[in-house]
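One letter stands for each residue in the lines below.
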Amino acid sequence: MRMGTAEVATRRTGGSTWWRDAVVYQLYIRSFADGNGDGIGDIAGIRARLGHLRDLGVDAVWINPWYPSPMTDGGYDVADYRAVEPVFGTAEEAGALVDEAHALGLRVILDIVPNHSSDQHNWFRQALAAAPGSPERALYHFRPGRGPGGEEPPNDWRSVFGGSAWTRVTDGGEPGEWYLHLFDATQPDLNWADPRVQAEFESILRFWFDRGVDGFRIDVAHGLVKSDGLPDLGGDGENMLAPVERTDHPHWDRDGVHEIYRGWRRVGDSYPDPRVFVAEAWVDSPERLARYLRPDELHTAFNFDFLRTPWDAEALRKAIDHSLATVAEVGAPPTWVLSNHDVVRHVSRLGRPVTNGAGHSLSDLAPATTLDRELGRRRARAAALLMFALPGGAYVYQGDELGLWEVEDLPDEVLQDPTWKRSGNTDRGRDGCRVPLPWSGTAPPFGFSQDGARSTPWLPQPADFASVTVEAQEDDPASMLSLYRAALALRHEHPALGDGEFTWLPSGPGVLAFSRGSGFACVVNLSDSPVPLPAGATVLLGSGPGIADGALPPDAAAWLAV
Ligand code: GLC
Ligand code: CA
């Protein structure tokens, strides 16, 4: 499964369109591997574990923010965009990691957070120290409050994490202006109407591109531009992860964002090996998403429509069709994703009824007691084969390859996601999908930190992680890890996979069947009875047992040579 050096070199330099069908591994740095024993993942840990990514067969890694940060939102509160958080390592280590990843044929994508900085960023400290109306304050959204003493927030916008999107500061010892934060109060929104903000971020992009970084994932790409005058939202506050169901939302998906990304594209294209962008944009529809992917804007975007679609053949068929059709109009490749650090792990999502919405947050799902983890795992295996057989790119969230589930019983006192506090302890937030990875051994820290580490992992790992460590799965041909490795190896070898043709094949209800070019087909059975496989087909890879006899059991998928 490993590649020879020549092959690695081809893949790395192999064309400026590598991103069109790359499989990207999302590396949540705090929870991947701890190199220095303080219980928090770091760059040394990643460097020591790069072999895992090579053996898995992914093409690139996306590393969540590693910049200096007070960590009130897991690093999405950036205090300095041009440095590395000391808990994670040093700039030298970061440079070495990029080089080592490149030597293994892996591209490196970082995460940029342009919607807001940390309240500890120099710009915000200076804004607080400066007077209302000053140029320092103009870098953020400061406003006087409403009501006679200005004691009401300037408008009715809500923080994605709960509560008002405004916090009041003191000016000259007295209650003063308010500032906007669509996320935590420690994450003030930058004012993108100010040209200094645009210039600063283009310079930050260059800073990392000059250090060999291959691209950026853009955090909250749909949030940067706010409507002039910051008008009230009206109606209920809404969550970022819910579809934005209005065309003129005052702070999500405003048309002005596109000009910003045209500027970024020019920066990326100015490099001989052009740098790429992937948008995190939670928007209303595939059509709205496609606007970010016009030829002079961003390269790809996360397809949250696919992630939000329940385990239902008709719904998935529609989501796939719709996604393919809309990106095709702008000439961009689709991408597919099942999990990330913001949503419930898909083993837990697929293994129980969805009671509300699309099931990406715990409150959308039937209680934990209804979870059938084995069912979730079977479906996760089938979903992986579906995803990797679709045209375009795919994202693997660290731990997907181990079949990790959402840890739903973390004790209240260890919860760190700001959502927990800001929701008045009603929403437990996203910590359950961020528990440190189990690598080896039979007890915590499961090789996440070395034996004898000073500290325990920053979130406690459940005892039953023992059954899903990399070590436990590595030599087991029936494991999730073996399935991922086999699927990614085949995806690389098979000319029909990745970018290219896609055609639905006739199939019964509850079944998805499609071909990729000539000679390859994928069948997924979402019904509750077995379905026959096409006559004369040979199974190249099956998601589980019982596929051999020409029939596909429920909740299974097969890759076929036809
Ligand atoms: C994005 C990140 C999420 C973070 C938020 C604010 O949605 O994925 O983790 O909390 O932005 O930066
Ligand atoms: Ca560490």
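1. Topic: helix α15 (residues 480-493)
Stage number 1. Under the 1.5 Å per step criterion, the end-to-end length of α15 is 20 Å for 14 residues, consistent within 8% with the ideal 20 Å.
Stage number 2. Within α15, eleven of the 14 residues are buried, which leaves it mostly tucked inside the rest of the structure.
Stage number 3. Within the span of α15, buried status applies to M480, L481, S482, L483, Y484, R485, A487, L488, A489, L490 and R491.

2. Structural notes on the coordination of the calcium ion (ligand 2)
Put simply, a metal with four donors set out as a tetrahedron has ideal angles of 109.5 degrees, and one with six donors set out as an octahedron has ideal angles of 90 or 180 degrees.
Stage number 1. The calcium ion (ligand 2) binds to the protein through D34 (OD), N36 (OD1), D38 (OD), I40 (O) and D42 (OD); the donor distances cover 2.3 to 2.4 Å.
Stage number 2. Spacing between the donor residues of the calcium ion (ligand 2) along their common chain follows D-x1-N-x1-D-x1-I-x1-D.
Stage number 3. Residue class for N36 comes out partly exposed when judged on its relative accessible area of 39%.
Stage number 4. Overall, D42 belongs to the buried group, its relative accessible area being 2%.

3. Describing the packing of helix α12 (residues 373-389) against α15
A packed helix pair is summarised by two numbers, namely the angle formed by the two axes and the spacing between the axes.
Stage number 1. Contact geometry of α12 with α15 gives a least axis separation of 10 Å together with a crossing angle of 10 degrees. By the criterion of interaxial angle, the relationship of α12 to α15 is roughly parallel. The segment α12 lies against α15, with R377, A380, R381, A384, L385, M387 and F388 engaging M480, L483, Y484, A487, L488 and R491.
Stage number 2. In terms of residue class, the contact of α12 with α15 is built from ten nonpolar, no polar and three charged.

4. What to know about the domain arrangement of the protein chain
Stage number 1. Each domain of the protein chain was delimited in the assignment, giving domain 1 (5-116 + 195-484), domain 2 (122-180) and domain 3 (502-561).
Stage number 2. Here the C-alpha centre of domain 3 lies 57 Å away from the C-alpha centre of domain 2.

5. Remarks on the site of ligand 1
Stage number 1. Near ligand 1 there are 15 residues, and of these D73, D219, E280, H341 and D342 occur at the shortest range.
Stage number 2. Between ligand 1 and D342 there is a distance of 2.4 Å, counted from an oxygen atom to a side-chain nitrogen or oxygen.
Stage number 3. In the environment of ligand 1, an oxygen atom lies 3.0 Å from a nitrogen or oxygen atom belonging to the side chain of R430.
Stage number 4. Notes on ligand 1: free accessible area 310 Å², of which the protein chains cover 100%.
Stage number 5. For the shell around ligand 1, the per-class residue count stands at five nonpolar, three polar and seven charged.

What counts as what
- Residues numbered from 1 in each chain as written.
- Chains lettered and ligands numbered in written order.
- Predicted model: local features only at pLDDT ≥ 70, side-chain atom pairs only at ≥ 80, totals over all residues.
- Heavy atoms only, no water.
- Helix = DSSP H or I, 4+ residues; strand = E, 2+ residues; numbered from the N terminus.
- Expected span 1.5 Å × (residues − 1).
- Buried < 20%, exposed > 50% of the residue type's maximum accessible area, 1.4 Å probe, protein only.
- Donors = N, O, S within 2.8 Å, 3.2 Å for Na, K, Ca; no water.
- Axes fitted to C-alpha atoms, helices over the stretch in contact; angles between N-to-C directions.
- Parallel < 35°, antiparallel > 145°, perpendicular 65-115°, else oblique.
- Contact = heavy atoms within 4.5 Å.
- Nonpolar A, V, L, I, M, F, W, Y, C, P; charged D, E, K, R; others polar.
- Domains from an automatic or database assignment.
- Near = heavy atom within 4 Å.
- Polar contact = N/O pair within 3.5 Å; in protein donor to acceptor, adjacent residues only side chain to side chain.
- Areas by Shrake-Rupley, 256 points an atom, 1.4 Å probe, with all protein chains shown as cover.

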